[in-house]
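This is what each chain is made of:
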Amino acid sequence: MELTSLIVFAAALAVAAGSPGPAIAALVARVLVRGTSGALAFMFGLAVGDVVWLTAAVLGLAFIAKTFALAFLTLKYLGAAYLLYLPWEMWRTPVVHAPAPRP
């Protein structure tokens, strides 16, 4: 892995780890219930868990991409085509105005 790729990977992991989600909700709940004691160890465990599962996912996808290069390329282009299809359909679909509910 090149240094540039590693830096991008680390930056993406930092953003993902810092964004609100179930892990942050668990941390907040733990601090509210038990106070700050043990919160640092809990945060460290969350960070290690994030690094482990994300690394496994990236390595697994890299293995699949190398092993099944043609299938991966096909899937990538199908995904891109789908992402182009969605806004096209949103643009073409007429807007239906529903009447406002009466109180």
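In this report, we go over the structure that sits alongside the text. From a predicted model like this one, the values you see are computed outputs, not experimental measurements.

The subject of this paragraph is the packing of helix 2 (residues 22-34) against helix 3 (residues 39-67). Following both chains from N to C, one finds helix 2 and helix 3 inclined at 170°, their axes separated by 10 Å at the closest point. Taken together, the axes of helix 2 and helix 3 lie roughly antiparallel to each other. Considering the relative orientation of helix 2 and helix 3, their crossing is right-handed. Together, Ala-23, Ala-26, Leu-27, Arg-30 and Val-31 of helix 2 and Ala-39, Phe-42, Met-43 and Leu-46 of helix 3 make up the contact between the two elements. For the contact of helix 2 with helix 3, a count of residues per class yields eight nonpolar, no polar and one charged.

Within the fold, Leu-32 resides in helix 2. By relative accessible area, Leu-32 is classed as exposed at 70%. Considering only alpha carbons, one finds Leu-32 and Trp-88, 56 residues apart in sequence, at a separation of 47 Å.

Reading guide: rules and limits
Residues numbered from 1 in each chain as written. Predicted model: local features only at pLDDT ≥ 70, side-chain atom pairs only at ≥ 80, totals over all residues. Heavy atoms only, no water. Axes fitted to C-alpha atoms, helices over the stretch in contact; angles between N-to-C directions. Helix = DSSP H or I, 4+ residues; strand = E, 2+ residues; numbered from the N terminus. Parallel < 35°, antiparallel > 145°, perpendicular 65-115°, else oblique. Left-handed = near helix turned anticlockwise from the far one by under 90°. Contact = heavy atoms within 4.5 Å. Nonpolar A, V, L, I, M, F, W, Y, C, P; charged D, E, K, R; others polar. Buried < 20%, exposed > 50% of the residue type's maximum accessible area, 1.4 Å probe, protein only.

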